[in-house]
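For reference, the chains in residue letters:
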Amino acid sequence: METLELTQEEQFQARIDADVRIEPKDWMPDAYRKTLIRQISQHAHSELVGMLPEGNWITRAPSLKRKSILLSKVQDEAGHGLYLYSAAETLGASRDQMLADLHSGKAKYSSIFNYPTLSWADMGTVGWLVDGAAILNQVPLCRTSYGPYARAMVRVCKEESFHQRQGFEIMQTLCEGAPEQKAMAQEALNRWWWPTLMMFGPKDADSPNTAQSMNWRIKRFTNDELRQKFVDMMVPQAEFLGLTVPDPNLKWNDTKNGYDFGDVDWEEFWNVVKGNGMCNKDRLGARVKAHEEGAWVREAALAHAAKRKQRAEQAEAAQ
Ligand code: BYC
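Residues numbered from 1 in each chain as written. Predicted model: local features only at pLDDT ≥ 70, side-chain atom pairs only at ≥ 80, totals over all residues. Heavy atoms only, no water.

The chain is annotated in an unreviewed UniProt entry as 1,2-phenylacetyl-CoA epoxidase subunit A of Hymenobacter taeanensis.

1. As for the packing of helix 4 (residues 64–89) against helix 7 (residues 147–175)
Just so we agree on the cut-off: To get an axis, a line is fitted to the C-alpha atoms, and for a helix only the part in contact is used. The angle between two axes follows their N-to-C directions and goes from 0 to 180 degrees. Here a helix means four or more residues in a row that DSSP labels H or I, a strand means two or more in a row labelled E, and each is numbered from the N terminus. We call two directions roughly parallel when the angle between them is under 35 degrees, roughly antiparallel when it is over 145, roughly perpendicular when it lies between 65 and 115, and oblique otherwise. Note on convention: near helix rotated counterclockwise from far helix by under a right angle means a left-handed crossing. Clockwise means right-handed.
Direction vectors running N to C along helix 4 and helix 7 enclose 160 degrees, while the axes themselves pass 10 Å from each other. Here helix 7 runs roughly antiparallel to helix 4, going by the angle between their axes. The element helix 4 and its partner helix 7 pack so that their crossing is left-handed.

2. Let's talk about the site of the ligand
Counted only if it meets this: A molecule or strand has a residue near it when one of that residue's heavy atoms lies within 4 Å.
Surveying the vicinity of the ligand reveals 32 residues, the closest of which are Gln42, Lys108, Ser207, Lys219 and Asn223. Contributions of two or more residues to the shell around the ligand are made by helix 2 (30–49), helix 6 (120–138) and helix 11 (266–276). A total of 6 residues in the shell around the ligand trace back to one element, the largest contributor, which is helix 2.

3. Brief notes about the packing of aromatic side chains
How we decide: Planes of paired rings set the category: under 30 degrees apart is stacked, over 60 is edge-to-face and the rest tilted, where pairs are Phe, Tyr or Trp rings (Trp by its six-membered ring) whose centres lie within 6.5 Å. Each ring is checked for a lysine NZ or an arginine CZ that lies within 6 Å of its centre and within 35 degrees of its normal; such an atom marks a charge sitting over the ring.
As enumerated under the stated definition, the model contains 12 aromatic pairs in all. Three or more aromatic residues joined by ring pairs form one cluster here, namely Phe12, Trp27, Tyr32 and Trp216. The positively charged end of Lys229 is found above the aromatic ring belonging to Phe221, 4.5 Å away from the centroid.

4. As for the nonpolar core
Let me state the cut-off plainly: Think of a nonpolar core as a cluster: buried Ala, Val, Leu, Ile, Met, Phe, Trp, Tyr and Cys residues, connected wherever their side-chain atoms sit within 4.5 Å. Classification of residues uses two cut-offs on accessible area relative to the type maximum, computed with a 1.4 Å probe and protein chains only: under 20% is buried, over 50% is exposed, and between them is partly exposed. Contacts: residue pairs with any heavy atoms within 4.5 Å of one another.
Tyr32, Ile40, Trp128, Tyr146, Trp193 and Phe230 are the most contacted members of the largest nonpolar core, which has 76 residues in total. Excluding its chain neighbours within four sequence positions, the residues that come into contact with Tyr32 are Phe12, Ile16, Ile22, Ser145, Tyr146, Trp216 and Ile218.

5. Topic: the pattern of salt bridges
Note the threshold: Note on definitions: salt bridges are taken to be side-chain nitrogens of Lys or Arg within 4 Å of carboxyl oxygens of Asp or Glu.
Counting across every chain of the model gives 18 salt bridges. For Arg220, the salt bridge goes to Asp19, with nearest N and O atoms at 2.9 Å. Here Arg220, found in the loop between helix 9 (210–215) and helix 10 (223–241), pairs with Asp19, found in the loop between helix 1 (8–17) and helix 2; they are 201 residues apart in sequence, far enough to count as distant. Through salt bridges with shared partners, a single ionic network connects Glu54, Lys73, Glu77 and Asp131.

6. Structural notes on the side chain of Asp122
Note the threshold: Two N or O atoms form a polar contact when they lie within 3.5 Å of each other; inside protein one atom must be a possible hydrogen donor and the other a possible acceptor, and for residues adjacent in sequence the pair counts only when both atoms belong to side chains.
Along the chain, Asp122 turns up in helix 6. Of the polar contacts made by the side chain of Asp122, one reaches the side chain of Trp192; its length is 3.2 Å. Not counting chain neighbours up to four residues away, the residues in contact with Asp122 comprise Pro116, Thr117, Ala188, Arg191 and Trp192.

7. Describing unusual backbone geometry
Note: most residues except glycine have negative phi, and most peptide bonds are trans. Non-glycine residue Arg217 carries a positive phi angle of around 55 degrees. Along the chain, Arg217 turns up in the loop between helix 9 and helix 10. Judged by relative accessible area, which is 24%, Arg217 ranks as partly exposed. If you check the backbone angles, Asn257 has positive phi at about 55 degrees while not being a glycine. Looking at where Asn257 falls in the secondary structure, it is placed in the loop between strand 1 (251–253) and strand 2 (258–260). Overall, the relative accessible area of 56% leaves Asn257 in the exposed class.

8. Thoughts on the packing of helix 6 against helix 10
The test is simple: Three residue categories are used. Nonpolar comprises Ala, Val, Leu, Ile, Met, Phe, Trp, Tyr, Cys and Pro, charged comprises Asp, Glu, Lys and Arg, and polar comprises the others, including Gly.
Here helix 6 crosses helix 10 at 145 degrees, and the two axes come no closer than 10 Å. Like other packed secondary-structure pairs, helix 6 and helix 10 cross with a definite hand, here right-handed. Contacts between helix 6 and helix 10 involve Trp128, Leu129, Gly132, Ala133, Leu136 and Asn137 from the former and Leu226, Lys229, Phe230, Met233, Met234, Gln237, Ala238 and Leu241 from the latter. Split by residue class, the contact of helix 6 with helix 10 holds 10 nonpolar, 3 polar and 1 charged.

9. Digging into helix 1
Stated precisely, the cut-off is as follows: Throughout, the arc means the angular range of directions from the helix axis out to the C-beta atoms.
Among the residues of helix 1, those classed as buried are Phe12, Gln13 and Ile16. All buried residues of helix 1 project into a common sector of 95 degrees when viewed along the axis, lining one side. Where the residues of helix 1 are buried, they touch helix 2 and helix 9. Within two residues after helix 1, Asp19 carries a phi angle of roughly 60 degrees, on the positive side.

10. Side note on the state of the cysteines
Defined simply, a disulfide is a covalent bond joining two cysteines at their sulfur atoms. Spelled out, the test is: Disulfides are defined as pairs of cysteine sulfur atoms found within 2.5 Å of each other.
A complete count under the given rule lists 0 disulfides for this structure. A disulfide-free cysteine, Cys142 has its sulfur positioned 3.8 Å from the sulfur of Cys157, the nearest such atom. A relative accessible area of 17% means that Cys142 is categorised as buried.

Set out below in structure tokens:
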């Protein structure tokens, strides 16, 4: 009788197709490991760099309440970075190497964080739109095929939904305030709308990684699918706030039960991704400086850990 022997790769794909989570010690194709390290480390870097545009406003928040909320949001982002670096480490990536790649400009992070935060309304817009985009992208990642990444995303998404609510609430307060406040909210929306649409990545037709990542169930939706969901979700929210989305081509389409919208300026997108956006150099400079200034903390933590280990060994030897 003929036996049907599946190759290791076929067995792996069969597990993926059956929605069985892949765990660190399971066999996986090198390319699966590589693409996960790429995506998770870029995601981690985005969280770290993402602290900078908002950190810029902590000392200038308009009240103690706003300051403490913003401070805690920025701290959450540091936490998200840590979960994600840990998830990438389970795949054999070294944290020192990932950080070295970020600091040298070799590694990518989200294009959105290379735009400046010019007014307080930007804190509202970043929370509302940028975190809104992040949630749409990250909720499906709670079902991504690699276990440690999926589990990290569950907690990240809980915190992100609080972040988005606080951003929307800032926008609502501004939009219900003086005409100058509403104008500030509109001006911020005008600047952030298109860069936020870029967060979802290039069009599916120009995305080299989407097809394989969908096949491995790393990605659960394509870039264009998520961008469409985002527009359909955000337009009614902008209308509720009394704001105008800066897209003359935006129009409801009954047939597809969604909005038609204008094309993103892809030249701008690739320019930012290649390191030539408005704030790329500032952001990397600030990250490198923070890393260098934090060297003493890392050294102290390592010395403390070594001391604890030594004490534990001495106690064990004395028993
Ligand atoms: N910016 O084939 P594609 C947050 C790159 S954190 C820069 O579609 P993929 C937040 C892409 O890496 C937000 N680069 O790639 C934090 C690829 O280059 P490589 C971050 C981009 O991976 C703090 C090339 O373009 N979220 O929201 O299938 C405060 C071709 O793209 C971008 C995540 O990282 C971009 N926007 O899909 C507030 C989520 N888009 O690597 C908020 C996890 C694409 O081949 N990541 N590129 O050299 C993902 O879901 C996917 O990696 C992406 C891209 C949808 C981003």
